[in-house]
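Descriptive structure summary
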Amino acid sequence: MKTLVFANQKGGVGKTTSAVNIAAALGLLGKKTIIIDFDPQGNASSGVGVTKPSKTIYEVVIGNAKASDAIITTKYKNLDIIPANMNLAAADFELADMEHRESKLKDALNTIANRYDYAILDCPPSLGLLTVNALTAGDGVIVPMQCEYFSLEGLSQIIMTVKQVKKLYNPNLTLTGILITMYNGRLNLSVSVLDEIKKYYADKLFKTAIQRNVRVSEAPSYGMPIQYYDKYSKGGIQYAEVAKEIVERI
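Structural notes, computed from the coordinates. Fair warning: this is a prediction, and the values are worked out from it, not measured in the lab. (Residues numbered from 1 in each chain as written. Predicted model: local features only at pLDDT ≥ 70, side-chain atom pairs only at ≥ 80, totals over all residues. Heavy atoms only, no water.)

**Details of the environment of T181**
By secondary structure assignment, the location of T181 is in the loop between β7 (174-180) and α9 (188-201). Overall, T181 belongs to the buried group, its relative accessible area being 2%. Linking T181 and Y118, residues 63 residues apart in sequence, is a C-alpha distance of 22 Å. Ignoring sequence-local partners within four residues, the contact set of T181 consists of V13, S18, P144, M145, Q146 and I210. (Helix = DSSP H or I, 4+ residues; strand = E, 2+ residues; numbered from the N terminus. Buried < 20%, exposed > 50% of the residue type's maximum accessible area, 1.4 Å probe, protein only. Contact = heavy atoms within 4.5 Å.)

What follows is the structure in structure tokens.
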């Protein structure tokens, strides 16, 4: 199982939307995929139609449930999820006093690794203990970001965090790619920020940028990934392209 962590401490960059849509696209490519919703907001869960789970990733990481007991099979092809809800916000405090606190998620995922080709981890928009757990469990990190100058600052922060976790806890962790979201090529700012990213991270940029798309914004309110809500929309096609590129990269 290849574990991909979608992380960016800046909120509102399309992180959860990208995690859900890429997971669904991987499923459609025939890859058995599981989403680990590791954000207390639970948006990845509701994004695939799961709203009131009986067991969540919270119970799993604090040791009150097995990962296998929290898996929910979605109605989408090759796509399962371990959901989250607001209880997960307490995990940061509860994990703080535990031994090997940074590897609780990794240990849990190891028990189900033989079932899946890919695990997609959706992190909270912070660099706390939950995100450290996700990075410790990951093989690769995907950083969704908008073409704005504050996003550039956020990118350097998350890359520093990846380096720290790699050094301390997970020597196998790599930066899989930087995914540009909500892109508008008609804005000079977007173009200039993208040029700046290319200067330093050209080899890490995904070839396909996700353009602003109303259909992508609408899909979560129906509990549907874009591939099932409007497969042939601009967003549906672009996320499918990114999923293919991920399969080539990792």
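**Topic: the pairing of strand β6 (residues 140-145)**
Counted residue by residue, β6 has 6 buried out of 6 residues, so it is predominantly covered. The two faces of β6 match: G140, I142 and P144 on one face and V141, V143 and M145 on the other face are all buried. Of the strand pairs in this sheet, strand β1 (residues 2-6) and β6 are connected by 3 bridges, and their pairing is parallel. Residue pairing in the sheet places V5 in a bridge with V141 of β6. In terms of strand pairing, β6 meets β7 through 6 bridges, oriented parallel. Residue pairing across strands places G140 opposite T174, the latter belonging to β7. Crossover handedness for the path β6 to helix α8 (residues 149-168) to β7: right-handed. (Pairing = 2+ DSSP bridges. Right-handed = clockwise from strand over helix to strand, strands pointing away.)

**A look at helix α7 (residues 129-137)**
Most of α7 is tucked away, with 9 of its 9 residues classed as buried. When α7 is considered as a whole, its buried residues turn out to be L129, L130, T131, V132, N133, A134, L135, T136 and A137. If you follow the buried residues of α7, they end up packed against β1, α5 (91-96), α6 (104-110), β5 (118-122), β6 and α8.

**Some words on the pattern of salt bridges**
All told, the structure shown has 8 salt bridges when counted by the stated rule. For R215, the salt bridge identified is with E218, shortest N-O distance 2.9 Å. Residue R215 and its partner E218 are located together in helix α10 (residues 214-218), separated by 3 residues, close to a single helical turn. Since its relative accessible area comes to 26%, E218 is described here as partly exposed. Here R249 makes a salt bridge to E245, at a shortest N to O gap of 2.8 Å. Of this pair, R249 and E245 are both found in helix α12 (residues 234-249), 4 residues apart, which corresponds to roughly one turn of the helix. The class for R249 is partly exposed, based on a relative accessible area of 30%. When its relative accessible area of 6% is taken as the criterion, E245 is described as buried. Several salt bridges share partner residues, and in doing so they unite K15, D39 and D122 into one network. (Salt bridge = Lys/Arg side-chain N within 4 Å of Asp/Glu carboxyl O.)

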